[in-house]
Amino acid sequence: MIKNETRIRQTKLRFLEYRNLEIAKEYLMPNNGCPKNAFVVIASGAEAKFFRNEGTLRDIKLSAAGALSPKDLDDDGPSGRRPPESSARETDEATFAKQLAHYLYAQGHKSKFKYLVFVADPDTLGEIRPILHKEVTDKITMELNKTLINSPTDDIERSLLAA
């Protein structure tokens, strides 16, 4: 099976040799890094910012593509109601993680992105990872455990390239 996949990849590379080799590599290896047109999510427990990579795998150029902030936190708990042992802030962050997961599922289901790069602080990443739908997780090409929500775009691009 592995030999077959290798032959297919080699054939595709040969077919695409007349094009720029970087384009061929991105086409064949989308499961790592930040490919062209990837949907990049920078999240924290309180907000999420969205970007598109208009550059390439090795020359990331992010452009803003929107944002998401928590809505109706009192009415929409992580499981409908606040667990007694959690603080209000923990509940709000869990609720926002659920809202973000629903948003990403809706966007992915509408084919709004083919590749997803997910960057979040450790708490948010741990909160959202188990509730992401398989349709979304299958599109993740890079996951970065880092707090970049307040970072300028240049710093985000450098962090993605270094990862």
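Structure: see above.
In this text, all values refer to a predicted model and were calculated from it rather than measured experimentally.

A.B. asks: Is there a simple way to think about the overall build of the protein in this case?
C.D. replies: Regarding its fold elements, the protein presents six helices and five strands. Element order for the protein, N to C, with α for helix and β for strand: α-α-β-β-β-α-β-α-α-β-α. Burial analysis of the protein (163 residues in total) assigns 40% to the buried set. Partitioning the contacts of the protein with sequence separation of at least 6, the portion at a separation of at least 24 is 57%. Carbon together with sulfur atoms contributes 51% to the accessible area of the protein, which is approximately 10000 Å² in total.

A.B. asks: Which parts of the structure should I look at to understand the environment of Pro35?
C.D. replies: If you trace the backbone, Pro35 turns up in the loop between helix H2 (21–28) and strand E1 (39–43). A C-alpha to C-alpha distance of 9.0 Å links Pro35 and Leu116, two positions 81 residues apart in sequence.

A.B. asks: When you look at helix H6 (residues 153–162) in this model, what are you seeing that I'm missing?
C.D. replies: Side chains of residues three or four places apart in an α-helix project in the same direction, reflecting 3.6 residues per turn. Among the residues of H6, Ile156, Glu157, Ser159 and Leu160 are the ones counted as buried. One side of H6 carries all its buried residues, which in axial view fall inside an arc of 165°. Exposed residues lying more than 90 degrees from the buried face of H6 are Arg158 and Ala162. Buried residues along H6 sit in contact with E1, strand E2 (48–53), strand E3 (62–68), strand E4 (116–120) and strand E5 (140–145).

A.B. asks: Could you clarify how one ought to interpret the pattern of salt bridges in this entry?
C.D. replies: Pairing between side chains becomes possible if they bear opposite charge and their charged atoms approach one another. According to the stated counting rule, one finds four salt bridges in the structure shown. The partner of Arg129 in a salt bridge is Glu143, and the shortest N-O contact between them spans 2.7 Å. A residue pair is termed long-range when its members are at least 10 positions apart, and Arg129 in the loop between helix H4 (122–128) and helix H5 (134–137) and Glu143 in strand E5 qualify at 14 residues.

A.B. asks: Looking at this structure, how should I read a negative patch on the surface?
C.D. replies: Negative charge collects at one region of the surface, where Glu85, Glu90, Asp123 and Glu127 lie side by side. Its location among the elements puts Glu127 in helix H4.

A.B. asks: Would you mind going over the side chain of Thr124 with me for this structure?
C.D. replies: Relative to the elements of secondary structure, Thr124 occurs in helix H4. Contact partners of Thr124, with chain neighbours within four places excluded, come to Ala43, Ser44 and Gly45.

A.B. asks: What is the right way to read the environment of Phe39 from this model?
C.D. replies: Following the sequence through the fold, Phe39 ends up in strand E1. For Phe39, a relative accessible area of 5% gives the class buried. As a C-alpha pair, Phe39 and Arg52 span 13 residues in sequence and 4.9 Å in three-dimensional space. Once residues lying within four places of it in the same chain are set aside, the contact partners of Phe39 are Phe50, Phe51, Arg52, Leu104, Phe113, Tyr115, Leu116 and Val117.

Quick notes on the rules
- Residues numbered from 1 in each chain as written.
- Predicted model: local features only at pLDDT ≥ 70, side-chain atom pairs only at ≥ 80, totals over all residues.
- Heavy atoms only, no water.
- Helix = DSSP H or I, 4+ residues; strand = E, 2+ residues; numbered from the N terminus.
- Buried < 20%, exposed > 50% of the residue type's maximum accessible area, 1.4 Å probe, protein only.
- Contact = heavy atoms within 4.5 Å.
- Areas by Shrake-Rupley, 256 points an atom, 1.4 Å probe, with all protein chains shown as cover.
- Arc of directions from axis to C-beta.
- Salt bridge = Lys/Arg side-chain N within 4 Å of Asp/Glu carboxyl O.
- Patch = residues over 30% accessible without salt bridge, like charges linked within 9 Å, V, L, I, M, F, W, Y side chains within 5 Å.
- Lys, Arg positive; Asp, Glu negative; His and termini not counted.
- Charge placed at Lys NZ, Arg CZ, Asp CG, Glu CD.

Purely spatial values, then, with no claim about function.
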